[in-house]
Protein chains: 2
Amino acid sequence: MQSPVPHDPPIYRRIADRLRQAIQAGEFRDGDRLPGENALMAEYGIARATARQALSVLINEGMAVPRRGSGVYVRQFRPIRRHGSRRLSREQWGTGRAIWDGDASGRPYVVDDLTIAREPAAEDAARVLGCDEVWVRRRRYSVDGRPVQLAASCFPAELVAGTAIVQPDTGPGGVYARLRDLGHTPVHFTEEVRARMPAPDEADRLALSAGTPVIVVCRTAYTTGGGAVELNIMIMDAASYVLQYDFDA
Amino acid sequence: MQSPVPHDPPIYRRIADRLRQAIQAGEFRDGDRLPGENALMAEYGIARATARQALSVLINEGMAVPRRGSGVYVRQFRPIRRHGSRRLSREQWGTGRAIWDGDASGRPYVVDDLTIAREPAAEDAARVLGCDEVWVRRRRYSVDGRPVQLAASCFPAELVAGTAIVQPDTGPGGVYARLRDLGHTPVHFTEEVRARMPAPDEADRLALSAGTPVIVVCRTAYTTGGGAVELNIMIMDAASYVLQYDFDA
DNA sequence: TAGTGGTCTAGACCACGTA
DNA sequence: ACGTGGTCTAGACCACTAC
């Protein structure tokens, strides 16, 4: 009978652990090139697949990024701080500022791939918004030339048909100012936050490397009557964002 | 010259895509067993490593979970809803209820691995709390017998030394009620939310399978004077949580 | 052109879970 | 006992990047 000793970690794990420690100890800095497959094979006397497996551990942890034909590099982070409560205060969109102005932490951003369409409401949207058809504004946001967020805003179709909300340019203050003009001022917001690994199409559109989760924020905007007037689903590159929420006891 | 046609996806990707579609189409339900390595080898006439690679795609996406000696299974989700703003209202902890009572969506929870220690403050904690030494309460929360969250609360050492806050049982209302007793009532909270892949020790303690990110919530509690009295870092299994924040415009 | 990572094959031995 | 996934070897060809 053997005593129930935990097994030695496999070779590839020990190599991955050593590399991770080296990174955290500062031996490799952000953007530095790590030892490649050939270097690990020579250093540890292992097969190629084993060296690959060691590197894939770090890659799937989001600590390293492979570049074809070049090498494996330590990942760089510079997150955007997104303020949950403060940024939606009436002062912001009441005075003609777009909400997103405050988001990029001073860095310029661009909106890509804007599409506006009338669609049958998805099951969730139908329940929350209380309608069968919605107008959807889909767009992608980029900062420093890199895509960071996909967003899809849904509005009850009858409410917004023919307004600036279904136009590419929604005018000063954005969609919330237009909802106010229509007499449906948003006064309350709920945000649901989840995190998961991206679906392949999300990874494509956000140019995510392996090991990068997405943060999914589902925001609902309510009017004084308690009715929901907007459902906004945001999918964010988790490596590019810090969400901040402030509230009182 | 070739036209710049995107390459055909590799075999393992196409197999992974087919399996993913089958899951999303409901051909496999939560907890169902997927075709294993041998089945894929036979079905597609591929080598073992290729079949493995196809399955590893789904595993790293968090869609499937491997069980040694048994098979690969479709992952199951049943998240806990955690209310950000509402749960910290004074009514809750002012009347003797522990904050966590409202968290598990009605399911019972347990606290594991509670340790309480006086330590030199980490760099972040020192800056936020304005002190060199802290008392830290570390614990793990489990729901339905499965670990879901690691938490570490830091308090300024001089403030809480000798109080119930450094005892295993903090009494009715928990640490916030004790801070109130000390005249340092928390009145404002800031939560920073991030998501990333877990470090190996986090994956161990939360029993996370590959492809599961963690949500990191860093909460700071402020008193009326504006001083920070607690820094609480929570690491949550992303598959087990939905965070909800409510706020007004 | 040389070196890198990406894909793939055809084997091997092991630990583990189920029956 | 058998089938499963976990680890590992020793090759191969390819696409891409840097020089």
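Everything quoted here is computed from the prediction, not taken from an experiment.

Colleague: What is the right way to look at the packing of helix 1 (residues 11-24) of chain B against helix 2 (residues 37-44) of chain B in this model?
Modeller: Two packed helices can be described by the angle between their axes and the distance between those axes. Residues and elements named next belong to chain B. Where helix 1 meets helix 2, the closest approach of the two axes is 13 Å, and the angle between their N-to-C directions is 115°. With respect to their mutual orientation, helix 1 and helix 2 come out roughly perpendicular. Between helix 1 and helix 2 lies a crossing of right-handed hand. Contacts between helix 1 and helix 2 involve Ile 15, Arg 18 and Leu 19 from the former and Leu 40, Glu 43 and Tyr 44 from the latter. Class assignment of the residues belonging to the contact of helix 1 with helix 2 gives a composition of 4 nonpolar, no polar and 2 charged.

Colleague: Before we go on, may I ask you to explain the protein's contact with DNA strand D in this structure?
Modeller: In the vicinity of DNA strand D lie 25 residues, with Ile11(A), Tyr12(A), Ala47(A), Thr50(A) and Asn38(B) positioned nearest. Restricting the count to atoms of DNA strand D within 4 Å of the protein gives a sugar and phosphate share of 74%. The backbone of Ile11(A) places a nitrogen or oxygen atom 2.8 Å from a phosphate oxygen of DNA strand D. Elements represented by at least two residues in the surface near DNA strand D include exactly helix 1 (11-24) and helix 3 (48-60) of chain A together with helix 2, helix 3 (48-60), strand 1 (64-67) and strand 2 (71-74) of chain B. Looking at the surface near DNA strand D, the element that brings in the most residues is helix 3 of chain A, giving 4 residues. Per-class residue counts for the surface near DNA strand D are 8 nonpolar, 9 polar and 8 charged.

Colleague: Before we go on, may I ask you to explain helix 3 of chain B in this structure?
Modeller: For an α-helix the count is 3.6 residues per turn, leaving residues at separations of three or four pointing the same way. Residue and element names in this part refer to chain B. Helix length check: helix 3 (13 residues) gives 18 Å between terminal C-alpha atoms against 18 Å at 1.5 Å per residue, within 8%. Inspection of helix 3 places Ala 51, Ala 54, Leu 55, Val 57, Leu 58 and Ile 59 among the buried residues, and these make up the whole buried set. Of the surrounding secondary structure, the elements contacted by the buried residues of helix 3 are helix 1, helix 2, strand 1 and strand 2. Positive backbone phi, approximately 80°, marks Gly 62, located one or two places after helix 3.

Colleague: Explanation requested: the protein's contact with DNA strand C in the structure shown.
Modeller: Around DNA strand C, a shell composed of 25 residues is seen, among which Asn38(A), Ile11(B), Tyr12(B), Ala47(B) and Thr50(B) lie nearest. The share of sugar and phosphate among atoms of DNA strand C within 4 Å of the protein is 75%. Interatomic distance of 2.8 Å between a backbone N/O atom of Ile11(B) and a phosphate oxygen of DNA strand C. Take Tyr12(B): an N or O atom from its side chain is 2.8 Å from a phosphate oxygen of DNA strand C. When contributions to the surface near DNA strand C are tallied by element, the ones reaching two or more residues are helix 2 (37-44), helix 3, strand 2 (64-67) and strand 3 (71-74) of chain A together with helix 1 and helix 3 of chain B.

Colleague: I tried to follow the packing of aromatic side chains on my own but got confused; where do I start?
Modeller: Two descriptors summarise a pair of aromatic rings, namely the distance from one centre to the other and the angle between the planes of the rings. Here the structure, examined in full by the defined rule, presents 8 aromatic pairs over all chains. Each ring, one from Tyr245(A) and one from Tyr245(B), has its centre 3.8 Å from the other, and the planes form 5°; the classification is stacked. Taken together, the residues span two chains, with Tyr245(A) in strand 11 (residues 241-248) and Tyr245(B) in strand 10 (residues 241-248). Considered together, Tyr245(A) and Tyr245(B) belong to a single accessibility category, that of buried residues. Of the aromatic side chains, those joined through ring pairs into one cluster are Tyr176(A), Phe189(A), Tyr245(A), Phe247(A), Tyr176(B), Phe189(B), Tyr245(B) and Phe247(B). The cationic tip of Arg67(A) hangs over the ring face of Tyr73(A); the distance from NZ or CZ to the ring centre is 3.9 Å.

Colleague: Would you mind going over the sheet that holds strand 5 (residues 109-120) of chain A with me for this structure?
Modeller: Sheet strands pair via backbone hydrogen bonds, and the direction of the pair is either parallel or antiparallel. The mixed open sheet is built from 8 strands, whose spatial order is 5(A)-6(A)-7(A)-10(A)-9(A)-8(A)-10(B)-3(B). At either end of the open sheet lies a strand with only one pairing partner, and these are strand 5 of chain A together with strand 3 (80-83) of chain B. Taken over all neighbouring pairs, the strand axes of this sheet differ in orientation by 20° on average, direction set aside. Bridging between strand 7 (residues 146-156) of chain A and strand 10 (residues 228-237) of chain A involves 6 bridges; their strand directions are antiparallel. Counted as the bridge partner of Ser153(A) is Asn232(A) from strand 10 of chain A.

Colleague: Would you explain unusual backbone geometry in this entry?
Modeller: For residues besides glycine, phi is generally negative; the peptide bonds are generally trans as well. One non-glycine residue, Ala207(A), lies in positive phi territory at about 50°. Structurally, Ala207(A) can be placed in the loop between helix 8 (200-205) and strand 9 (214-222). The exposed category is assigned to Ala207(A), whose relative accessible area is 58%. Positive phi values are uncommon outside glycine, yet Asp113(B) reaches one of about 50°. Relative to the assigned elements, Asp113(B) resides in strand 4 (residues 109-120).

Parameters and conventions
- Residues numbered from 1 in each chain as written.
- Chains lettered and ligands numbered in written order.
- Predicted model: local features only at pLDDT ≥ 70, side-chain atom pairs only at ≥ 80, totals over all residues.
- Heavy atoms only, no water.
- Axes fitted to C-alpha atoms, helices over the stretch in contact; angles between N-to-C directions.
- Helix = DSSP H or I, 4+ residues; strand = E, 2+ residues; numbered from the N terminus.
- Parallel < 35°, antiparallel > 145°, perpendicular 65-115°, else oblique.
- Left-handed = near helix turned anticlockwise from the far one by under 90°.
- Contact = heavy atoms within 4.5 Å.
- Nonpolar A, V, L, I, M, F, W, Y, C, P; charged D, E, K, R; others polar.
- Near = heavy atom within 4 Å.
- Polar contact = N/O pair within 3.5 Å; in protein donor to acceptor, adjacent residues only side chain to side chain.
- Expected span 1.5 Å × (residues − 1).
- Buried < 20%, exposed > 50% of the residue type's maximum accessible area, 1.4 Å probe, protein only.
- Phe/Tyr/Trp six-rings, centres within 6.5 Å; stacked < 30°, edge-to-face > 60°.
- Lys NZ or Arg CZ within 6 Å of the ring centre and 35° of its normal.
- Pairing = 2+ DSSP bridges.

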